[in-house]
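Residue strings, one per chain:
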Amino acid sequence: MAQIGASTPGVGQVGHVRVEPSGVHFDVRPAESVIQAAWRAGFQWPTTCWGQAECGVCAMEILEGAEFLVPADKVEAARLRSLPRRDGGNRRLACQTRLTGGGNLTVRKPGVRLRAVEASPPSAS
Ligand code: FES
């Protein structure tokens, strides 16, 4: 699988996220959620509520690094309970999940990939 990633060492990084099965990876800055970090790094992450903990579409399975995560709050826990059980039980919402610092997180989330670059309109010359 191709390795596509974004990393800017020394810019307040608190952790690093690797996403399977795509193999993309990116840094997470302080106070950023996983989905915010992915968006900043130029990746598309499935969502329909754009980070409001309402759709559940951003849910990811935690494969490694759960010990580096801030525990789910009541809003996230309630949303997770409302989702159908399609994968392992160790799920979190990417829009609500933040890292405590210094850890590497590996998650499974199909559909995470580089955003398509918008085509520029042809110049009028
Ligand atoms: S983006 Fe909708 S619940 Fe996370």
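Below: a short report on this structure.

Conventions adopted
Residues numbered from 1 in each chain as written. Predicted model: local features only at pLDDT ≥ 70, side-chain atom pairs only at ≥ 80, totals over all residues. Helix = DSSP H or I, 4+ residues; strand = E, 2+ residues; numbered from the N terminus. Buried ≥ 20, exposed ≤ 12 C-beta atoms within 10 Å, placed from the backbone. Contact = placed C-beta atoms within 7 Å. Core = buried A, V, L, I, M, F, W, Y, C linked by C-beta atoms within 7 Å.

Considerations on the overall build of the protein
So, step 1. Secondary structure summary: the protein contains two helices and eight strands in total.
So, step 2. Taken from N to C terminus, the helices and strands of the protein fall in the order β-β-β-α-β-β-α-β-β-β.
So, step 3. Relative to its full complement of 125 residues, the protein shows a buried share of 28%.
So, step 4. Long-range contacts, defined as pairs at least 24 residues apart, comprise 59% of the intrachain contacts of the protein with a sequence gap of at least 6.

Here we look at the environment of S33
So, step 1. Relative to the helices and strands, S33 is located in the loop between β3 (24-28) and α1 (34-40).
So, step 2. With 21 C-beta atoms counted inside 10 Å, the residue S33 sits in the buried group.
So, step 3. Each C-alpha atom of the pair S33 and T97 lies 5.2 Å from the other, and the pair is 64 residues apart in sequence.

Focus on the nonpolar core
The nonpolar side chains of a soluble globular protein tend to be buried, and buried together.
So, step 1. Core analysis: the biggest nonpolar cluster contains 22 residues, and V17, A38 and A94 have the highest contact counts within it.
So, step 2. Looking at this core, the elements that each hand over two or more residues are β2 (15-20), β3, α1, β5 (59-64) and β7 (103-108).
So, step 3. For this core, the leading source of residues is α1, giving four residues.
So, step 4. Apart from the residues lying within four places of it in its own chain, the contact partners of A38 are F26, F43, W45 and V112.

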